[in-house]
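Take a look at the letters that make up each chain.
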Amino acid sequence: MLFRSPDRPGTPTAVAGDRSVRLSWETPEAGASPLTDFTVQVQSKSPTALRLGPWREVSRRSGLSSTMTVRRLRNGWVYRFRVRARTQVGRSSWSTSGIVVPHTIPGRAARLTPRNTAGGVLLSWPRPSSDGGSPILDYELEYSTTGVPWTRVNRASGPARTG
């Protein structure tokens, strides 16, 4: 009987969350020896870095679980993950994910400054303290005369601070 290393796991799917990434991958064919564990590694890059850093181990998962959540990541940073399987015979080659960027919702706009104009009101506001790890694409403007219900006025597009 010929013993061989396991096949490579399926390409990891990486789903971004708030300071986390949920990974999942297809379990590979193990060959004659059962799978003993998966090793997961990560590369990261800050928003100002030019390239991804070196690979570092995040987890060595025993058993057959082919999902995990990597926590304590930084929103707005770029990450790439890779996974390999191991049996008593040997290790598979690496299977690498695409790029993923954890994020959350941006901070709220505050300190609205109204200015009367001939056609209505012009609002301006400072940028939120946090973009949540992803550029702000637009702002939704709503008004209410009684506190309920709220009515959408329009969307102010782009990172401008005036709507």
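Let us look at the structure shown here. (Residues numbered from 1 in each chain as written. Predicted model: local features only at pLDDT ≥ 70, side-chain atom pairs only at ≥ 80, totals over all residues. Heavy atoms only, no water.)

Tallying secondary structure elements over the protein chain gives zero helices and eleven strands in all. Each helix and strand of the protein chain, ordered N terminal to C terminal, gives the series β-β-β-β-β-β-β-β-β-β-β. Taking 163 residues into account, the globule formula puts the C-alpha radius of gyration at 15 Å, and the protein chain, at 24 Å, lies well above it. Principal-axis analysis of the C-alpha atoms gives the protein chain an extent of 85 × 35 × 20 Å. Put simply, the protein chain shows about 10500 Å² of open surface, and 49% of that area lies on carbon and sulfur atoms. Distance between charge centres in the protein chain, computed from 24 positive and 10 negative side chains, equals 8 Å. (Helix = DSSP H or I, 4+ residues; strand = E, 2+ residues; numbered from the N terminus. Rg over C-alpha atoms; globule rule 2.2 N^0.38 Å. Areas by Shrake-Rupley, 256 points an atom, 1.4 Å probe, with all protein chains shown as cover. Lys, Arg positive; Asp, Glu negative; His and termini not counted. Charge placed at Lys NZ, Arg CZ, Asp CG, Glu CD.)

With that settled, the discussion passes to the pairing of strand 3 (residues 35-45). Among the eleven residues of strand 3, nine are classified as buried, and the element is accordingly described as predominantly covered. Relative to strand 6 (residues 78-87), strand 3 is paired through ten bridges, and the arrangement is antiparallel. Each bridged residue has a counterpart across the sheet, and for glutamine 41 the counterpart in strand 6 is arginine 82. Pairing geometry for strand 3 and strand 4 (residues 56-62), over six bridges, is antiparallel. Within the sheet, the bridge partner assigned to aspartate 37 lies in strand 4 and is serine 62. (Buried < 20%, exposed > 50% of the residue type's maximum accessible area, 1.4 Å probe, protein only. Pairing = 2+ DSSP bridges.)

Where charged atoms from two side chains of opposite charge come close, those side chains can pair. On inspection of all chains with the given rule, the structure shows five salt bridges. For aspartate 18, the salt bridge goes to arginine 19, with nearest N and O atoms at 3.5 Å. On the basis of relative accessible area, aspartate 18 is assigned to the partly exposed category, the value being 36%. Judged by its relative accessible area of 47%, arginine 19 is partly exposed. (Salt bridge = Lys/Arg side-chain N within 4 Å of Asp/Glu carboxyl O.)

Here we take up the packing of aromatic side chains. Enumeration according to the criterion identifies three aromatic pairs in this entry. Here tryptophan 25 and phenylalanine 38 contribute two aromatic rings whose centre-to-centre distance is 5.4 Å and whose plane-to-plane angle is 70 degrees, an arrangement assigned as edge-to-face. Of this pair, tryptophan 25 sits in the loop between strand 2 (20-24) and strand 3 while phenylalanine 38 sits in strand 3, and the two are 13 residues apart along the sequence. For the pair tryptophan 125 and tyrosine 139, a centre-to-centre distance of 5.1 Å together with 70 degrees between the ring planes defines the contact as edge-to-face. Here the residue tryptophan 125 occupies a position in the loop between strand 9 (120-124) and strand 10 (138-143), and tyrosine 139 occupies one in strand 10, the gap between them amounting to 14 residues. (Phe/Tyr/Trp six-rings, centres within 6.5 Å; stacked < 30°, edge-to-face > 60°.)

This brings us to the nonpolar core. Residues Leu23, Trp25, Val40 and Phe81 are the most contacted members of the largest nonpolar core, which totals 16 residues. At the level of secondary structure, the elements contributing two or more residues to this core comprise strand 2, strand 3, strand 5 (67-70) and strand 6. In this structure, valine 40 is in contact with Leu23, Trp25, Arg56, Glu57, Val58, Ser59, Met68, Phe81, Arg82 and Val83, ignoring residues within four places of it in sequence. (Core = buried A, V, L, I, M, F, W, Y, C linked by side-chain atoms within 4.5 Å. Contact = heavy atoms within 4.5 Å.)

Read from one edge of the open sheet, three strands run 1-2-5, paired in antiparallel fashion. Only two strands of the sheet have a single neighbouring strand rather than two, namely strand 1 (13-17) and strand 5. Neighbour to neighbour, the strand axes of the sheet diverge by 20 degrees on average, direction disregarded. (Axes fitted to C-alpha atoms, helices over the stretch in contact; angles between N-to-C directions.)

Further remarks concern unusual backbone geometry. For the bond running from valine 148 to proline 149, omega is -15 degrees, close enough to zero to count as cis. Structurally, the position occupied by proline 149 is in the loop between strand 10 and strand 11 (151-157). Phi at arginine 19 is positive, roughly 60 degrees, even though this residue is not glycine. Here arginine 19 lies in the loop between strand 1 and strand 2. With a phi angle near 60 degrees, arginine 72 is a residue other than glycine that sits in the positive phi range. Tracing the backbone shows arginine 72 in the loop between strand 5 and strand 6.

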